[in-house]
Amino acid sequence: MIGAALACGFTALLSSPSQPRAQEEPLYEPLVDRDARGFKEGKYAKDLAFCRNRALPQERAARAGASQAAGGAALATAGNIARYVPAPGWGAAQGLWAGGSAAEAVGSAAAGQGAATAEQAMQDYILVVSACLERRGYLLLR
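Presented here is a report on the structure given in the accompanying data block.

Calculation notes
Once a new chain begins, its residue numbering starts again from 1 and follows that chain's sequence as written. Side-chain atom pairs in this predicted model are given and counted only at pLDDT of 80 or more, local residue features only at pLDDT of at least 70, and totals for whole chains, interfaces and linings cover all residues. Excluding hydrogens and water, the side-chain figures rest on all heavy atoms present in the structure. By definition here, a salt bridge exists when the distance from a side-chain nitrogen of Lys or Arg to a carboxyl oxygen of Asp or Glu is within 4 Å. Under the DSSP-based scheme used, a helix requires at least four consecutive residues in state H or I and a strand at least two consecutive residues in state E, with every element numbered from the N terminus. Each residue is assigned to one of three classes by its accessible area relative to the maximum for its type, calculated with a 1.4 Å probe on protein chains only: buried under 20%, partly exposed between the two thresholds, exposed over 50%. Under the convention used throughout, the expected extent of a helix is 1.5 Å for every residue step, that is, one less than its residue count. Here, the arc refers to the directions that run from the helix axis to the C-beta atoms. Note on contacts: a residue pair qualifies if any of its non-hydrogen atoms lie within 4.5 Å across the two residues. Pairs of cysteine sulfur atoms within 2.5 Å are what we label disulfides. Definition of a polar contact: a pair of N or O atoms within 3.5 Å, with one able to donate and the other able to accept a hydrogen when the atoms are protein atoms, and with sequence-neighbouring residues admitted only if both atoms are side-chain atoms.

### Structural notes on the pattern of salt bridges
Here's step 1: Counted according to the given criterion, the structure contains six salt bridges.
Here's step 2: Close ionic contact of glutamate 24 with arginine 63 constitutes a salt bridge, the shortest N to O distance being 3.0 Å. Of this pair, glutamate 24 sits in the loop between helix 1 (2–15) and helix 2 (41–54) while arginine 63 is found in helix 3 (residues 56–82), placing the two residues 39 residues apart along the sequence.
Here's step 3: The partly exposed category is assigned to glutamate 24, whose relative accessible area is 23%.
Here's step 4: Judged by relative accessible area, which is 17%, arginine 63 ranks as buried.
Here's step 5: When the shortest N-O distance is used, the salt bridge between glutamate 59 and arginine 63 registers 3.0 Å. With glutamate 59 and arginine 63 both in helix 3 and four residues apart, this pair spans about one turn of that helix.

Pasting the structure below:
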């Protein structure tokens, strides 16, 4: 019973969207040829900020997926631990085992889905930022 309540609580937590904080580290730092003729650091910083802003939906999806993966892993771990908590009586022990197993299964599924979402969103984010910088005339080295 405790494990099932734990699973429901974490599932609700995982389903809420995550908003990126204002001062988070950038997800991707493009490798730009800074030795190219006419390269100006100030203009590049402004253009990079513009391109990152264009890729904001992909950034949010990548961060939300990573958060879901971490939360799912925590839920799976909690479910695994809950299965081995000593409980008085056979019925309570069976209930705790079943609840812990359910929490572990839900957590593992959430972690897997979150990791897949984060990976795809990260690839999309890199693509948007790189294409935007290339359209603005920068030579990307990778």
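### Some words on helix 2
Within an α-helix, residues lying three or four positions from one another point in the same direction, as the helix has 3.6 residues per turn.
Here's step 1: Here helix 2 contains 14 residues, and its C-alpha end-to-end distance of 20 Å stays within 8% of the 20 Å for a straight helix at 1.5 Å per residue.
Here's step 2: Listed in full, the buried residues belonging to helix 2 are Tyr44, Asp47, Leu48, Cys51 and Arg52. Burial along helix 2 is one-sided: seen end-on, the buried residues are contained in an arc of 135 degrees. For helix 2, the exposed residues lying more than 90 degrees away from the buried face are Gly42, Lys46 and Asn53.
Here's step 3: Its buried side turned inward, helix 2 meets helix 3 and helix 4 (90–135).

### Description of helix 3
Here's step 1: Taking 1.5 Å as the rise per residue, helix 3 with 27 residues should run 39 Å; its terminal C-alpha atoms sit 38 Å apart, in good agreement.
Here's step 2: For helix 3, the set of buried residues is Glu59, Ala62, Arg63, Gly65, Ala69, Gly71, Gly72, Leu75, Ala76, Gly79 and Ala82.

### Observations concerning the state of the cysteines
Here's step 1: Applying the stated criterion across every chain, the model contains one disulfide.
Here's step 2: Two residues share a disulfide in this structure: cysteine 51 and cysteine 132, whose sulfurs sit 2.1 Å from each other. Classification of the bridge connecting cysteine 51 and cysteine 132 rests on its S-S torsion, roughly -75 degrees, and on that basis the disulfide is left-handed. Of the two residues, cysteine 51 is situated in helix 2 and cysteine 132 in helix 4; the sequence distance between them amounts to 81 residues.

### A short note on the side chain of aspartate 47
Here's step 1: Tracing the backbone shows aspartate 47 in helix 2.
Here's step 2: Accessibility expressed as a relative area gives 6% for aspartate 47, which makes it buried.
Here's step 3: Reaching out from aspartate 47, the side chain makes a polar contact with the side chain of tyrosine 138 at a distance of 2.6 Å.
Here's step 4: When sequence neighbours within four positions are dropped, the list of residues in contact with aspartate 47 reads Leu133, Arg136 and Tyr138.

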